[in-house]
Amino acid sequence: MKNTELRYAGQPAAPGVAAGPLVRRPVAASPDRPAGGTPAEECARLTRAMADAVAELRALAGREGGDAAAVLEFQIEMLNDSALSAPALAAIAAGDSAHDAWLACMTEHIANYRSSTDEHFRARATDCEDMRDRVARLMAGRHEDRAWLPEGAILLDTDLTPSRFLALNAARLGGLALINGSAASHVAVLARARGVPMICGIGREPAQAAAAILDAETGELVLNPTQATAEECARRIARRRRAASSAHAAMAGDAVTEDGERVAVLVNVDEPDAVPDDVLRAADGVGLVRTESVFLDGEEPLDEAAQYRHYAALLARVGDGPCVFRTLDVGGDKPLPGLAEVPERNPFLGIRGIRLCLDRPELFRPQIRALLRLAVDGRVSVMLPMVSVAEEYRDARALFDECLADLRAEGVAAAMPPLGIMIETPAAAIAIDTFGADFYSIGSNDLTQYTMAAARDGGGRVASLNRPGSVAMLRLIAHVVRHGRDTGREVSLCGDAGSNPTVLRALLATGLRRLSVAPSALGHVKQCIRQLRILDGDETGRNEQQDG
Amino acid sequence: MRTARGRVPIRHHTGLHARPAVKLTRLARTFPAEVRLRGSPDGTWVDAKSIVNVMSLKLPTGTTLEIEVTGEGAESALAALTGLVARDFDEEH
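Cut-offs applied
- Residues numbered from 1 in each chain as written.
- Chains lettered and ligands numbered in written order.
- Predicted model: local features only at pLDDT ≥ 70, side-chain atom pairs only at ≥ 80, totals over all residues.
- Helix = DSSP H or I, 4+ residues; strand = E, 2+ residues; numbered from the N terminus.
- Buried ≥ 20, exposed ≤ 12 C-beta atoms within 10 Å, placed from the backbone.
- Contact = placed C-beta atoms within 7 Å.
- Pairing = 2+ DSSP bridges.
- Axes fitted to C-alpha atoms, helices over the stretch in contact; angles between N-to-C directions.
- Core = buried A, V, L, I, M, F, W, Y, C linked by C-beta atoms within 7 Å.
- Nonpolar A, V, L, I, M, F, W, Y, C, P; charged D, E, K, R; others polar.
- Left-handed = near helix turned anticlockwise from the far one by under 90°.
- pLDDT = per-residue confidence, 0-100.

For chain B, the helix and strand inventory stands at three helices and four strands. Shown N-terminal to C-terminal, the secondary structure of chain B runs as helices and strands in the order β-α-β-β-α-β-α. Counting all 93 residues of chain B, 43% fall into the buried class. The long-range fraction of contacts in chain B, counting pairs at least 24 apart against all pairs at least 6 apart in sequence, stands at 71%.

Structure, rendered in structure tokens:
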């Protein structure tokens, strides 16, 4: 019987198109369970597999470093604890096979964590599943076997933890389709950074199918594609590949407009490990380092020392270029797990960014101290998110001063980096002259939605009003740029507007000469800039970009 | 045999959870003495050198942790362990 084409709608989480076999991660242990031996042999089999699992995890932690390593450290500690496998060893002594005894023992641990009322403890169930599967596989005598995931396969899963994603080889993965999950999740960030097309929130279990197409532009998973669908998809993949290779070639060299204006193009960094070195070399620096992963990925924020190491590892790779770190920007729509927040009726207008940090200095201080220590190591700048009045900048600056004094008293090397603010609220843009910050970086995503009172994901009519190139936006940006020029302060723009070809010219016509864009957009943005003439433009922004 | 006991509140926002638990058990294992923990006056004592046991307590933030050390160097081990918890596992400054 001919299979019919089936379509499942989800949300795009990382752009791209992929075609390949549809694969599910094998659940539980290997089906080919090893033949049972004597209790002594079975005990030895389990103990050896656990030691091998620790070795694999150590290798993985060593390769990934940073946050990813911290996630794996907990599993290593658990596997090294004889109490973990004690019930399994007792069951083996009573006649069970190592395989059955291990699965029964881990099922107990998993159920126990899953029944917890505390979300942090509940989340450990997935770590236990990882351990269960890894050890079971090793007992079957197989090393990290990726045979279940053929090259270019589309992986279907209910959800995926960062540790599981990291254990996959992103270069082999064609695409990722999650039944649950969120485009804001850390896995989505990793997928975007590593160029793995991803959709999430399919919401229901798809049918069994051998072949699939993952369209992360429309957010669709297509099973058993017809020949016409498959051909259309192949054409799009080829087109994307050509565009990607020409953009990659355009990455090197300065971005100079046709009429001779040099534009600095920096990159935004979410996940340092995932930004290739050639992109960092080709960029004019890093214009935005998002630090949320330091707080959100693990079960708890990294401490000062771990944050310092995390930041320093990126700084070392950036080399001579500037590196602008944004302090913690959570709250509102990106809540920090474990913080008992009163649900806000309108999180975008609530406790976000600098507001949350000033409310919770115990959370903010370790980051400030880590960044002050980092400032002696390279061209570091620090900027504060979601500032709306000058006193927020003053209060934050006072905290920085206090922490610097503490560090000096402790004899720790530290320095005050240039401290700037992000311009994300119309209030900050309009009253730009009241802040006296060291530099300004326009966060065009938030500035657009607050100025236009229209959410990007608002859909239909609302989303169509979310125009970074509107007259109001261009006037605000021009106002900030002019203030920067008049007072000798650097102004840059680090939102998605900078990589939007339809508004790029209007942005540069305001006098803006510094953009920070997603690593994947670097080549394309430089390409666009080189084809623009901007000096005969209208700086007041009367030429509205309708489709911006 | 010397026994030392102390109590210290857990302030970490995730409770005695993955990373704090890793730190605590690693520190406990550096002492030759026996180290036990419990999360309430009528709670079960568990071996502080075993992360599986420590995690099984599922102690949330705000819990007063009771630590009991028996054997060589009990006092200094207790001071080091309560110190780590009191310093919030060296994650705040």
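Within chain A, the regular secondary structure consists of 21 helices and 17 strands. Counting the 548 residues in chain A, one finds 47% classified as buried.

Residue and element names in this part refer to chain B. The strand order across the open sheet formed by four strands is β1-β4-β2-β3, and the pairing between neighbours is antiparallel. Sheet topology places β1 (3–9) and β3 (46–47) at the edges, where each strand pairs with a single neighbour. Relative to strand β4 (residues 64–70), β1 is paired through seven bridges, and the arrangement is antiparallel. Residue pairing in the sheet places Arg-7 in a bridge with Glu-66 of β4. Running at roughly 10 degrees to β1, helix α3 (residues 74–86) makes contact with β1, β2 (34–38) and β4 of the sheet.

Because the α-helix completes a turn every 3.6 residues, residues three or four places apart line up on one side. A large share of helix α1 (residues 18–28) of chain B lies buried, amounting to eight of its 11 residues. Every buried residue of α1 of chain B is accounted for by Ala-18, Arg-19, Pro-20, Ala-21, Val-22, Leu-24, Thr-25 and Ala-28 of chain B.

Quick look at the nonpolar core now. The tendency in soluble globular proteins is for nonpolar side chains to be buried as a group. Ranked by size, the top nonpolar core spans 89 residues in total, and within it Leu-371, Ile-421, Ile-477 and Val-480 of chain A carry the most contacts. Per-element accounting of this core gives the leading share, seven residues, to helix α19 (residues 471–487) of chain A. Residues contacting Ile-477 of chain A, with those up to four places away along its chain left out, are Ile-442, Leu-507, Thr-510 and Leu-512 of chain A. One finds Leu-84 and Met-106 of chain A together with Leu-24 and Ala-33 of chain B within the second-largest nonpolar core, a separate group that totals 57 residues.

This part covers the sheet that holds strand β4 (residues 154–157) of chain A. By definition, the strands of a sheet pair up through backbone hydrogen bonds, in either a parallel or an antiparallel sense. Residues and elements named next belong to chain A. The strand order across the open sheet formed by eight strands is β1-β8-β7-β3-β4-β5-β6-β2, and the pairing between neighbours is mixed. Because the sheet does not close on itself, it has two edges, and the strands there are β1 (6–9) and β2 (11–14). This sheet shows a mean twist of 30 degrees between the axes of neighbouring strands, independent of strand direction. When β4 meets strand β5 (residues 175–178), the two strands line up parallel, connected through four bridges.

Residues and elements named next belong to chain A. Burial analysis of helix α17 (residues 444–452) places seven of its nine residues in the buried class, the great majority of the element. Among all positions in α17, only Ser-444, Asp-446, Leu-447, Thr-448, Gln-449, Tyr-450 and Thr-451 are buried. Buried residues along α17 sit in contact with β14 (419–423), α16 (426–430), β15 (439–442), α19 and β16 (490–493). Two residues or fewer past α17, Ala-453 is found with a positive phi of approximately 50 degrees.

Contacts between chain B and chain A engage 19 residues on the former and 24 residues on the latter. Looking at the side of chain B that touches chain A, the elements with two or more residues in it are α1 and α2 (51–56) of chain B. Residue contributions to the side of chain B that touches chain A peak at four residues, all from α1 of chain B. Across the side of chain B that touches chain A, the residue classes break down as five nonpolar, nine polar and five charged.

Most peptide bonds adopt trans geometry, and most residues besides glycine take a negative phi value. Positive phi values are uncommon outside glycine, yet Met-386 of chain A reaches one of about 60 degrees. Mapped onto the elements, Met-386 of chain A comes out in the loop between β13 (380–384) and α15 (390–409). Residue classification places Met-386 of chain A among the buried residues on the basis of 24 C-beta atoms within 10 Å. At Asp-88 of chain B, a position not held by glycine, the phi torsion is positive, near 55 degrees. Among the secondary structure elements, Asp-88 of chain B is positioned in the segment after α3.

All names here are of chain A. Between helix α14 (residues 361–374) and α15, the least distance of the axes is 9 Å, while the angle of their chain directions is 60 degrees. Between α14 and α15 lies a crossing of right-handed hand. Residues Pro-361, Phe-364, Arg-365, Ile-368, Arg-369, Leu-372 and Arg-373 of α14 touch α15, and the partners they reach there are Leu-399, Phe-400, Cys-403, Leu-404 and Leu-407. When grouped by side-chain class, the residues that make up the contact of α14 with α15 number nine nonpolar, no polar and three charged.

For the rest of this paragraph, the subject is the confidence of the model for chain A. Mean pLDDT over chain A stands at 87; residues scoring 70 or higher make up 88%. Within the model, pLDDT remains below 50 along residues 539–548 of chain A, and this stretch shows 30 contacts once partners closer than five positions in the same chain are excluded.

Residues and elements named next belong to chain A. Within strand β10 (residues 262–269), six of the eight residues are buried, which leaves it mostly tucked inside the rest of the structure. In this sheet, β10 lies alongside strand β9 (residues 255–256) in antiparallel orientation, the contact comprising two bridges. Across the sheet, the residue bridging to Ala-255 is Val-263, located in β10. With antiparallel pairing between neighbouring strands as the criterion, β9 and β10 make up a hairpin whose turn holds five residues, including Gly-260 at a positive phi of roughly 85 degrees. As defined by bridge partners, β10 adjoins strand β17 (residues 514–517) across four bridges and the pair is classed as parallel.

Quick look at the environment of Val-256 of chain A now. Residues and elements named next belong to chain A. The topology assignment puts Val-256 in strand β9. Assessed through the 14 C-beta atoms surrounding it within 10 Å, Val-256 is described here as partly exposed. With sequence-adjacent residues up to four places away left out, Val-256 is seen in contact with Glu-261, Arg-262 and Arg-530.

Right, let's talk about the confidence of the model for chain B for a bit. Confidence in the prediction for chain B averages 88 pLDDT; 97% of positions are at 70 or higher. Across the whole predicted complex the pTM is 0.60, and at the interface the ipTM reaches 0.89.

Further remarks concern the environment of Val-22 of chain B. Within the secondary structure layout, Val-22 of chain B lies in helix α1. Its 20 C-beta neighbours within 10 Å are what place Val-22 of chain B among the buried residues. When the C-alpha positions of Val-22 of chain B and Lys-49 of chain B are compared, they lie 9.6 Å apart, and in sequence the two are 27 residues distant. Apart from the residues lying within four places of it in its own chain, the contact partners of Val-22 of chain B are Glu-73, Phe-74 and Glu-77 of chain A together with Ile-51 of chain B.

What follows deals with the packing of helix α3 (residues 82–93) of chain A against helix α4 (residues 98–114) of chain A. Angle between the axes and distance between the axes: these two values describe a pair of packed helices. All names here are of chain A. At a minimum axis separation of 8 Å, α3 and α4 run at an interaxial angle of 145 degrees. In the crossing of α3 with α4, the sense of the turn from one axis to the other is right-handed. Counting all contacts with α3, which are made through Ser-85, Pro-87, Ala-88, Ala-91 and Ile-92, the residues of α4 involved are Ala-98, Ala-101, Trp-102, Ala-104, Cys-105 and Glu-108. Here the residues of the contact of α3 with α4 are counted per class, giving nine nonpolar, one polar and one charged.

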